[in-house]
Amino acid sequence: MQILIYSYNYHPEPIGIAPLMTELAEGLVKRGHQVRVITGMPNYPQRQIYEEYQGKWYVSEEKNGVTIQRSYLRIKSKPNLFDRLLLELSFVITSLPQAFKGKRPDVILLTVPPLLVSLPTTLLGWLFNCPVVLNVQDILPEAAVRVGLIKNKLIIRVFEALEKFAYRTANTISVIADGFMDNLVNKGVPANKIACIPNWVNLNFIRPLPKQNNTWRTAHQLDDKFVVLYSGNIALTQGLETVVEAAARLHHIKEIAFVIAGESKALENLQKYCLACGADNVLLLPLQPREQLPKMLAAADVGLIVQKHNVISFNMPSKIPLLLASGHPIVGSVPATGTAAKAIRQSGGGIVVEPESAEALATTVLQLYTNPALTAQLGKQGRKFAVENYSFEQALERYEQLFFDAIAKRTATLDMLPELSSTGE
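The rules behind these values
Residues numbered from 1 in each chain as written. Predicted model: local features only at pLDDT ≥ 70, side-chain atom pairs only at ≥ 80, totals over all residues. Heavy atoms only, no water. Helix = DSSP H or I, 4+ residues; strand = E, 2+ residues; numbered from the N terminus. Buried < 20%, exposed > 50% of the residue type's maximum accessible area, 1.4 Å probe, protein only. Polar contact = N/O pair within 3.5 Å; in protein donor to acceptor, adjacent residues only side chain to side chain. Contact = heavy atoms within 4.5 Å. Domains from an automatic or database assignment. Salt bridge = Lys/Arg side-chain N within 4 Å of Asp/Glu carboxyl O. Nonpolar A, V, L, I, M, F, W, Y, C, P; charged D, E, K, R; others polar. 1 Å grid on protein atoms, 1.4 Å probe; cavity = no way out; pocket = protein on both sides within 12 Å on 5 of 7 lines; lining within 4 Å. Points joined across faces, edges and corners; volume = space filled by probe spheres on them. Pairing = 2+ DSSP bridges. Axes fitted to C-alpha atoms, helices over the stretch in contact; angles between N-to-C directions. Parallel < 35°, antiparallel > 145°, perpendicular 65-115°, else oblique. Left-handed = near helix turned anticlockwise from the far one by under 90°. pLDDT = per-residue confidence, 0-100.

Visitor: Explain the side chain of T121 to me, please; I cannot follow it from the model alone.
Guide: Residue position: T121 is located in helix α3 (residues 118-128). For T121, a relative accessible area of 0% puts it in the buried group. Within the structure, T121 has its side chain in polar contact with the backbone oxygen of V117 (distance 3.0 Å). Only 3.2 Å separates the side chain of T121 from the backbone oxygen of S118, close enough to count as a polar contact. Discounting chain neighbours no more than four positions away, the residues touching T121 are Y6, I108, L110 and V132.

Here you go:
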């Protein structure tokens, strides 16, 4: 197959959808397919174009057999809603010419958000006469409205119209959790148009490793500590203040250390909050290089998933498969009825506590600290669940089959058109 992946984020961005789309593209190449990726200049999570890509309109690269075609983005480090719209619009406009610089695709995979990109991919699907598979990683505008990111009623209606357009024009829709599927069906999307393929983890890359002689622990003076780790995006939906407050409640136990790794600018505010709370047991670190991820996860005794109480129920953090695969338990400070809580409970590899409750979070961390047998049991069960449900190989096979099915379905539909026309004469 000739596969065109339209993804705003891609390598070398270290977190979020970028590593997943990179692994998917490279995995498809290893299966013998030709893969092109249309993406923007790397900027996440700093929201600043990486130095080696600054001042450029277009860059074409090849990495591990994947052709990567990058285009200019209009980006601000502290964007308001208008800036975000201009960012999406700039990607829509500048990326489209790249799509024509290569062989005609047999199928197009589009990741959303951003929603605006459904416009050029729909056009491309029509011009290239190929199916478009929509990969939904988050459902807008609901998620943004719930956390207060979008308040303007006119803009909300525009995004809702874009959302309906994207679902209607896509030939097939892949979602990452059952909650997403329920949401789309309730909006009138036919269930037979939707496939649920959870985000995956490379189980050979992320795996249980001994804490002894862990160079990452040693480098950060954590060898004798019970490490509680949060690593990833720090945004409106997380509420990392709860973690700082929980750490402050446990600061008298010198063996417990909280580690938060995230984007440097976001850490500045957390540093002030740590000082205000007296949380001297919190280590704040910039996002770690991806090659350090296995050692960092292995250095942890507990991994955290943190959400505010108003996060929309179907939100599914990509960190859950990673933490489960590392063989350490999860403490999920997340809404009890949400997709994240359901995933943690199903895995048997973690404990769900009330969101935005520092007391509940601190109590559970202390429970795991004082009960090594429970901690080990949860970690073992989580790894087992990850192997059975989140393996990259399983996801790769399902995406490959999804593409074949989408192509076959479109071909069959097109073959029927002349027959239907002749019948009507």
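What follows continues from the structure just given.
Visitor: Can you walk me through the domain arrangement of the protein chain in this structure?
Guide: How large an interface is tends to be reported as the accessible area lost when its parts come together. Assigned domains within the protein chain: domain 1 (2-200 + 391-412) and domain 2 (215-386). With centres defined by C-alpha atoms, the gap from domain 1 to domain 2 works out at 29 Å. Domain 1 puts 24 residues into the contact, and the matching count from domain 2 is 19 residues. Where domain 1 packs against domain 2, one counts 2 salt bridges. Of the charged contacts in the structure, one is a salt bridge between K342 and D178, with a shortest N-O distance of 4.0 Å. Put simply, domain 1 and domain 2 have 1 residue pair in polar contact (both at pLDDT 80 or more) between them. Take the side of domain 1 that touches domain 2: its biggest share by element is 4 residues, from helix α6 (residues 178-186). When its residues are assigned to classes, the side of domain 1 that touches domain 2 shows 13 nonpolar, 6 polar and 5 charged.

Visitor: When you look at empty space enclosed by the protein in this model, what are you seeing that I'm missing?
Guide: With a probe scaled to a water molecule rolled over the atoms, the places where space remains empty come into view. Following the criterion strictly, the structure yields 5 cavities of 30 Å³ or more and no others. Quantified by volume, the largest cavity comes out at close to 40 Å³. As for the largest cavity, its lining consists of I176, P198, N199, M316, P317, S318, P321 and Y390. Considering only residue class, the lining of the largest cavity consists of 6 nonpolar, 2 polar and no charged. The two domains that each donate at least three residues to the lining of the largest cavity are domain 1 (2-200 + 391-412) and domain 2 (215-386).

Visitor: So what exactly am I meant to see when it comes to the sheet that holds strand β14 (residues 350-353) here?
Guide: Each strand in a sheet pairs with another by means of backbone hydrogen bonds, the pair being arranged parallel or else antiparallel. Pairing is parallel across the open sheet formed by 6 strands, whose spatial order is β11-β10-β9-β12-β13-β14. With partners counted over all chains shown, the strands left at the sheet margins are β11 (282-286) and β14, one partner each. Averaged over all pairs of adjacent strands, the angle between their axes in this sheet comes to 20°, without regard to strand direction. Two strands pair when backbone bridges link them, and strand β10 (residues 256-262) and β11 are joined in this way by 5 bridges, in the parallel orientation. Bridging from a neighbouring strand, I260 pairs with L284 of β11. Packing against the sheet, helix α8 (residues 241-249) makes contact with β10, β11, β12 (302-306) and β13 (330-333), and its axis sits at approximately 160° to β10.

Visitor: Looking at this structure, I do not really get the layout of surface pockets. What am I missing?
Guide: Approximately 400 Å³ is the volume found for the second largest pocket. Lining the second largest pocket are 21 residues, and of these A177, D178, T339, K342 and Q346 sit closest to its centre. No other element matches the 5 residues that α6 contributes to the lining of the second largest pocket. Considered class by class, the residues forming the lining of the second largest pocket number 9 nonpolar, 9 polar and 3 charged. Formed jointly, the lining of the second largest pocket draws a minimum of three residues from each of two domains, domain 1 (2-200 + 391-412) and domain 2 (215-386).

Visitor: Where do I start with the side chain of S7 in this structure?
Guide: Its location among the elements puts S7 in the loop between β1 (2-6) and α1 (17-30). What makes S7 buried here is its relative accessible area of 0%. Within the structure, S7 has its side chain in polar contact with the backbone oxygen of N9 (distance 2.7 Å). Ignoring sequence-local partners within four residues, the contact set of S7 consists of M21, I38, T39, G40, F91 and T111.

Visitor: Sorry, what's going on with the packing of α8 against helix α13 (residues 358-369) here?
Guide: Between α8 and α13, the least distance of the axes is 8 Å, while the angle of their chain directions is 55°. The angle between α8 and α13 places the two elements in the oblique class. Helix-helix and strand crossings are classified by hand; for α8 and α13 the assignment is right-handed. Where α8 abuts α13, its residues T242, V243, E245, A246 and R249 lie against A358, E359, L361 and A362.

Visitor: For this particular structure, what's the right way to read the confidence of the model for the protein chain?
Guide: As a general rule, the predicted coordinates of low-pLDDT regions are not to be interpreted in detail. Summarising the model, the protein chain shows a mean pLDDT of 90, and 93% of its residues fall at 70 or more. Every residue in residues 420-425 is under pLDDT 50, and counting partners more than four places away or in other chains gives 0 contacts.

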